[in-house]
Amino acid sequence: MAADVDKSTPERERSTGGSGQRSPGCGAWFRGWMWTLLAVCAVPLAGFGMKYYQNSQLLRRHEEAVQTLGVEGLFLFSSLDTDHDLCLSPEEFRPIAEKLTGITAPVDLEEDVIDDPNGETLVLEASMKPLLLDSMTKSRDRFLGLSHSSLSGLRSWTHPAVPSSSFPAGHFRVFLPPKGKTEPGDAWWVIPSELNIFTGYLPNNRYHPPTPKGKEVLIHSLLSMFHPRPFIKSRFAPQGTVACIRASSDFYYDIVFRIHAEFQLNDVPNFPFWFTPGQFTGNIVISKDASHVRHFRLYVPSNRSLNVDMEWLYGASESSNMEVDIGYLPQLELRSAGPSTPSVIVDEDGNVIDSRDGRGEPIRFVFEEIRWTSAINQEEASHRLEVTFYPFKKVPYLPFAEAFERAESEKKLVHSILLWGALDDQSCSGRTLRETVLESSPVLALLNQSFISSWSLVKELENMQADKQNPALSEKAQLHLEKYSFPVEMLVALPNGTIVHHINANYFLDQTAMKPEDEGATFSFSGGFEDPSTSTYISFLKEGLEKAKDYITQ
């Protein structure tokens, strides 16, 4: 019995502890688990509560702002409040400060760009012929219903803001290629696009562009010669600047570039008016160390009948009605007055000499001829820029007449797109189309295999239709126009111009917005994971191929 007691005592002590209290084992573990669970649950609850509090505070401040400023006053405030927190930071207030004081804040140059006081200087001259108001659709009814204030910025913009300006040659190093991009045909982003079909677009209710940084500074300075409010990142994708080497020598590059930017022409109290050229393009011949610029040109192409998109608001909110039009800008151009020249001239012994000769005439510089060791032609370089901005251009889109000639020789159908603005620049009315189905791999493959593609402006086909000196082409244009409905029409045609199938962009988008289970849906996911718009467009093309057989067999 004593032995039994001796054996049980330690066992009891182990279970209760030497002090006679209960062991923390199971109970402590349970309590710890509960505290951990509560802590884990408390984190998202606290986050939700904080978010709810912030939203309620923001809503309260918004209501107070409307009471204090009124709707139109809040619209102006919101155009400055870029982060939408209903507070103006010093950076957001900068445009107002600059306007009131007339003093422009210093810009943020790239850290590795150091101005050389003895470096060369490039003089640029700006030229402009204002937009032809008669080219706008609204001019047909003499701008009936449009307030004078809506177009005030457009009407008053008749000459460049800065006719001539000097730039350090070294600033143009932003156009030099990055490592690994040294051969003709190599393309790269100078200023990358930050938008795509998923991110949407930037707000319309803005008057003042954000402060440029890094490589943006030079582009902003160049475009500011045209108008004081350039936005170097457009509201719609694709934004930015792309460059491509056209030619290379031992010491020089010839670089072509393309810029997608826009201007805000109106200022308060008028509502915003956006002026969006189809593109800015040009070229620069620059030494590989950026110490010398032989040539520079930047311009808006004017080879098309319409080359500028215009949009303006009619109310004090982002959801206000917006008017849209398109027009023709004859000229908007920057060109170098000559090669860049040294700011300080020294002789062979290093002595500074006068920039004028003994007769008081400026010293004339003689530059060596550049011998290009490798090059591609201008058309190929421009195509590289296009494909970088618009992947759908991997399929060649030929001019209207050439497309039908090619289709005849290759025994293919014509895939034709008829629209209000250009498909391959920022004056386009088919943004959604080109950023979705036209650049999808299945559509690109089918177009390459079975079609000759083309896009045309409505106005250009109207001119072709009226040209009776070419009756065959006039008839093809007429057949297209008979099927056209605003804003974009996609068509499948025989080489002789007969339209075998067509679909309007609005109807197409309505179809692709339907749910697969909706009655009458024209697509399904049975064939894989293609998105509805791609599946629908492939069906449209295949239906065109099938319908063409009926015409061919007749």
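Each remark here, short or long, concerns the structure printed above.
Throughout what follows, the structure given in this document is the object of discussion. For clarity, every value in this text was computed on a predicted model and none was experimentally measured.

Here's the deal with the pairing of strand β5 (residues 240-248)
- Burial runs high along β5: nine of the nine residues are buried.
- Of the strand pairs in this sheet, strand β3 (residues 187-191) and β5 are connected by four bridges, and their pairing is antiparallel. Across the sheet, the residue bridging to W188 is A243, located in β5.
- Hairpin connection, β5 to strand β6 (residues 252-260): the antiparallel pair is bridged by three residues.
- By the bridge criterion, two bridges tie β5 to strand β17 (residues 374-375) in an arrangement that is antiparallel. By the bridge assignment for β17, S248 is matched with S374.

Description of the sheet that holds strand β18 (residues 397-398)
- Sheet architecture is open: five strands sit in the order β18-β20-β19-β21-β22, paired in mixed fashion. Taken across any chain shown, the strands that pair with only one partner, and hence form the sheet edges, are β18 and β22 (499-504).
- Taken strand by strand, helix α7 (residues 400-410) contacts β18, β19 (413-419), β20 (451-457) and β21 (488-493), and its axis lies near 165° from that of β20.
- Across the sheet, helix α9 (residues 441-450) is in contact with β18, β19 and β20; its angle to β20 comes to roughly 105°.

Here we look at the pairing of strand β13 (residues 331-336)
- Judged from the six bridges that link them, strand β1 (residues 120-129) and β13 form a sheet pairing that is antiparallel. Across the sheet, the residue bridging to L124 is S336, located in β13.
- Where strand β10 (residues 293-299) meets β13, three bridges bridge the pair, whose relative direction is antiparallel. Bridge pairing in β13 links L298 to L334.

Some remarks on unusual backbone geometry
- Look at the link from A237 to P238: it is a cis peptide, with omega at -5°.
- Tracing the backbone shows P238 in the loop between β4 (230-231) and β5.
- Across the junction of V268 and P269, the peptide omega takes the value 10°, indicating a cis bond.
- With respect to the element layout, P269 can be found in the loop between β7 (262-264) and β8 (273-277).
- If you check the backbone angles, A290 has positive phi at about 60° while not being a glycine.
- With respect to the helices and strands, the residue A290 is situated in the loop between β9 (280-287) and β10.

What to know about the packing of α7 against helix α11 (residues 471-483)
- Where α7 contacts α11, the axes come no closer than 11 Å and their chain directions differ by 100°. Classified by the angle between their axes, α7 and α11 sit roughly perpendicular to one another. Contacts between α7 and α11 involve F400, A401 and F404 from the former and L473, K476, A477 and H480 from the latter.
- Taken together, the residues of the contact of α7 with α11 sort by class into five nonpolar, one polar and one charged.

Observations regarding the pattern of salt bridges
- In total, this model carries 20 salt bridges according to the counting rule given.
- With a closest N to O distance of 3.7 Å, D325 and K138 form a salt bridge. One end of the pair, D325, is in strand β12 (residues 322-327); the other, K138, is in the loop between β1 and α4 (152-156), with 187 residues separating them in the sequence. Like K138, D325 is buried.
- A salt bridge links R297 to E333, with the shortest nitrogen-to-oxygen separation between them at 2.7 Å. With R297 in strand β10 and E333 in strand β13, this residue pair connects regions lying 36 residues apart in the sequence.
- Through salt bridges with shared partners, a single network forms among R304, E386, K393, D424 and D425.

Here we look at α11
- A rise of 1.5 Å per residue sets the reference length of α11, with its 13 residues, at 18 Å; its end C-alpha atoms lie 19 Å apart and thus fit the reference within 8%.
- Residues of α11 that are buried include every one of L473, S474, K476, A477, H480 and L481, and no others. Taken down its axis, α11 places every buried residue within 160° of arc, on the same side. Exposed and oriented more than 90 degrees from the buried face of α11 are P471 and E482.

Here we look at the environment of V256
- Position of V256 relative to the elements: it lies in strand β6.
- Expressed as a C-alpha distance, the spacing of V256 and F296, which sit 40 residues apart in the sequence, is 9.9 Å.
- When near neighbours in sequence (up to four residues on either side) are disregarded, V256 contacts V242, A243, C244, R246, G282, N283, Q378, A381 and L385.

Description of the packing of helix α10 (residues 458-466) against α11
- One way to put it is that α10 packs onto α11 with a least axis distance of 8 Å and a crossing angle of 135°. Here α10 is positioned oblique relative to α11, judged by the angle of their axes. Our pair here, α10 against α11, has a crossing hand that is left-handed. On α11, the residues that touch V458, L461, E462, M464 and Q465 of α10 are L473, S474, A477, Q478, H480 and L481.
- Among the residues forming the contact of α10 with α11, the class breakdown is six nonpolar, four polar and one charged.

What counts as what
Counting from 1, residues in each chain are numbered in the order their sequence is written. The predicted origin of the model limits local features to residues at a pLDDT of at least 70 and limits the giving and counting of side-chain atom pairs to 80 or more, whereas totals for whole chains, interfaces and linings rest on all residues. To get the side-chain values, all heavy atoms of the structure are used, and hydrogens and water are removed first. When accessible area is computed with a 1.4 Å probe and restricted to protein chains, residues below 20% of their type maximum are described as buried, those above 50% as exposed, and intermediate ones as partly exposed. Helix and strand definitions follow DSSP, with helices as H or I runs of at least four residues and strands as E runs of at least two, each counted in order from the N terminus. Pairing between strands is defined by DSSP: at least two bridges between the two strands are required. Note on contacts: a residue pair qualifies if any of its non-hydrogen atoms lie within 4.5 Å across the two residues. An axis is simply a line fitted to the C-alpha atoms; with a helix, the fit covers only the stretch in contact. Between two such axes, the angle follows the N-to-C directions and lies from 0 to 180 degrees. These descriptions rest on fixed angle ranges, namely under 35 degrees for roughly parallel, over 145 for roughly antiparallel, 65 to 115 for roughly perpendicular, and the rest for oblique. Each residue gets one label: Ala, Val, Leu, Ile, Met, Phe, Trp, Tyr, Cys and Pro are nonpolar, Asp, Glu, Lys and Arg are charged, and the others, such as Gly, are polar. Counted as salt bridges are all cases of a side-chain nitrogen of Lys or Arg within 4 Å of a carboxyl oxygen of Asp or Glu. One fewer than the residue count of a helix, multiplied by 1.5 Å, yields its expected span. Regarding the arc, it is the one traced by the directions from the helix axis to the C-beta atoms. If you view the pair so one helix is near and one far, a crossing is left-handed when the near helix is turned anticlockwise from the far one by less than a right angle, and right-handed when it is turned clockwise.

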